[in-house]
Amino acid sequence: MSDLKGLLTSCLVLASVMSWVKAVPISIDKTKVKLPEETVKEPSQSVDTGLHYDRYLREVIDFLEKDQHFREKLHNTDMEDIKQGKLAKELDFVSHHVRTKLDELKRQEVSRLRTLIKAKQDIEGGNDIAVDHQALLKQFEYLNHMNPLTFEVEDLDRLIKSATKDLENYDKERHEEFKRYEMMKEHERREHLKTLDEEGRRKEEEHYEEMKKKHADHPKVNHPGSKDQLKEVWEEADGLDPEDFDPKTFFNLHDTNGDGLFDEQELEALFTKELEKIYDPTNEEDDMVEMEEERLRMREHVMNEVDSNKDRLVSLDEFLVATKKKEFLEPDSWETLEQNQAYTEEEMREFEGQLARQEKDLNLKAVDLQKQREDLERQQEQLNAQKIELQQAVEHMERLKTQKVPSPPEMHLEGNDVPESLGHDQPPVPPEHQPLPPGHQDILPEQQQHDVPQNQQNLGQEPRNIPQENQPLPPGHNSLPHDSPQMPLDHNNVP
């Protein structure tokens, strides 16, 4: 098994490590779990590393291992040389088929990254936020995006270094996350005490101290990776005589995937018995999140003592060398989490200060949101009032249309109607004496034979007082109703 393949295996373990905040039932002894034959595969085919470039990483490694020359170089190169980029230079000697496939994988990955970047730009640009292109590109340092077409030595070098860096940074981030968890738990306890009266606080403090005492009251915990600790697994989990303990046999028994290496997950399985001494999920005083942190502390400690080439894997040779050291035969006592507080009081004060500032900011935002809500409600009320006014105006117009009331400029005389504009000072004129509109003058048949010019001679002269009943009708109003009496015309009075 190559060191580069080991690096990939370490990447695969990252997925399981990322679930440290979830409690794992300790009633199941992981050392007894055996994978079914059909599930014993290369890790790259079945497990996600949790890295956002996981698939790309696994496919590149799988194709490189298909090349005979590159595979031989893997077996003869240590981890430090790989980190320094010496192995990446061997890419120039792989077969044309492998290089062609690697080029295709890179083009697919570049296309995926472009899609992600565009989506991020659309989101941030839509919110009027300036897009930091350099920060975006920095997330994709595991390949050379300036050359999107071919997979080169630089791409392999970047991929190896990025995977190693991400694994190393993960442990630091995980410790910080656990520290924040512990400080938040303590902060909530202190805030709860503030809500109690003096008697309540006294009882709560007594209960807290009692729980701490109960949690610390457990059997001795063996030093992780020591002979005593491994012999206990040999006896209780494997059911073998502790006097017959053999390091090589022990290694083969617990190398569950048979790859000749202890990865981080296989190491953590060895600590289950020790953790069961400290934590019980049914006990109020035992925190399962702390149990997982303890498990990871043990794994890191063993890695630091045994993993000589720092590839995050323990080979059989490294394991056998470690069993001959004094630390394996006569280890120091192991200090558990309750003996090593995750934070200092100064860090706690700083943490609570951050929480106070965050709470203040949230309160300000809440006030601002409340003002915005009130403004929106006022605007809604105004809109509702305008809507009601518009509805009333529409209803009024509909009533006017129903009554057929003409507007003042369009009023006209029909029949015997008298316009109000005539005023109230004049006496009402009887209907039969009202002048007819122009064009309605009814000329009698006998009048049609009179000489018109004589009448025209009087045109332009001062009109004489003509009785209302004898006044001429306007043009177009000659035709009188059949039931109206016909008045004889006085030709002398025709203008």
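Computed from a predicted model, the values in this text were never measured in an experiment.

Reading the values: the criteria
- Residues numbered from 1 in each chain as written.
- Predicted model: local features only at pLDDT ≥ 70, side-chain atom pairs only at ≥ 80, totals over all residues.
- Heavy atoms only, no water.
- Helix = DSSP H or I, 4+ residues; strand = E, 2+ residues; numbered from the N terminus.
- Buried < 20%, exposed > 50% of the residue type's maximum accessible area, 1.4 Å probe, protein only.
- Contact = heavy atoms within 4.5 Å.
- Areas by Shrake-Rupley, 256 points an atom, 1.4 Å probe, with all protein chains shown as cover.
- Phe/Tyr/Trp six-rings, centres within 6.5 Å; stacked < 30°, edge-to-face > 60°.
- Lys NZ or Arg CZ within 6 Å of the ring centre and 35° of its normal.
- Axes fitted to C-alpha atoms, helices over the stretch in contact; angles between N-to-C directions.
- Left-handed = near helix turned anticlockwise from the far one by under 90°.
- Nonpolar A, V, L, I, M, F, W, Y, C, P; charged D, E, K, R; others polar.
- UniProt positions renumbered as here; feature names shortened; annotations may be inferred.
- Salt bridge = Lys/Arg side-chain N within 4 Å of Asp/Glu carboxyl O.

### Let's talk about the overall build of the protein chain
So, point 1. If you tally the helices and strands in the protein chain, you get 17 helices and 4 strands.
So, point 2. A buried classification covers 33% of the 495 residues belonging to the protein chain.
So, point 3. Pairs at least 24 residues apart make up 75% of the contacts formed inside the protein chain by residues separated by at least 6 positions.
So, point 4. Counting only carbon and sulfur atoms, one obtains 51% of the accessible surface of the protein chain, whose full area is about 32200 Å².

### Section: the packing of aromatic side chains
So, point 1. If you walk through the whole model with that rule in mind, you get 9 aromatic pairs.
So, point 2. By way of ring pairs, the aromatic residues W234, F245, F250, F251, F262 and F319 are connected into one cluster.
So, point 3. Sitting above the plane of the F63 ring, K66 keeps its charged end 4.3 Å from the centroid.
So, point 4. When the ring centre of Y208 is taken as origin, the NZ or CZ atom of R189, which lies over that ring, is 3.9 Å away.

### Comments concerning the packing of helix α9 (residues 227-236) against helix α10 (residues 247-254)
Between two packed helices, the angle of one axis relative to the other and the distance separating the axes together describe the packing.
So, point 1. Packing of α9 against α10 brings their axes to within 11 Å, and their N-to-C directions diverge by 60 degrees. Crossing geometry of α9 relative to α10 is assigned as left-handed. For the pair formed by α9 and α10, the contact residues are L230, V233 and W234 on the first element and T249, F250, L253 and H254 on the second.
So, point 2. Classifying every residue of the contact of α9 with α10 by side-chain character gives 5 nonpolar, 2 polar and no charged.

### Re the environment of D103
So, point 1. Residue position: D103 is located in helix α5 (residues 96-126).
So, point 2. Put simply, D103 and P148 are 45 residues apart on the chain and 8.8 Å apart in space, counted from C-alpha to C-alpha.
So, point 3. Discounting chain neighbours no more than four positions away, the residues touching D103 are L149, T150 and F151.

### Remarks on the UniProt feature "domain: EF-hand" (unreviewed entry) in the protein chain
So, point 1. As annotated by UniProt and renumbered to match this structure, "domain: EF-hand" (unreviewed entry) occupies residues 242-277 and 294-329.
So, point 2. Measuring from the first to the last C-alpha atom of residues 242-277 gives 19 Å, for a span that is 56% helix and 6% strand.
So, point 3. Measuring from the first to the last C-alpha atom of residues 294-329 gives 22 Å, for a span that is 67% helix and 6% strand.

### Points about the pattern of salt bridges
So, point 1. The full count for this structure, using the stated rule, is 36 salt bridges.
So, point 2. Between E347 and K179 there is a salt bridge, with its nearest N and O atoms 3.0 Å apart. Taken together, the residues E347 in helix α16 (residues 345-403) and K179 in helix α7 (residues 153-194) connect sequence positions 168 residues apart.
So, point 3. You can call E347 partly exposed: its relative accessible area is 27%.
So, point 4. By relative accessible area, which is 15% here, K179 ends up buried.
So, point 5. Among the ionic pairs, K185 bridges to D287, the shortest N-O distance being 2.9 Å. Taken together, the positions of K185 in helix α7 and D287 in the loop between α12 (272-278) and α13 (288-306) put the pair 102 residues apart, joining distant regions of the chain.

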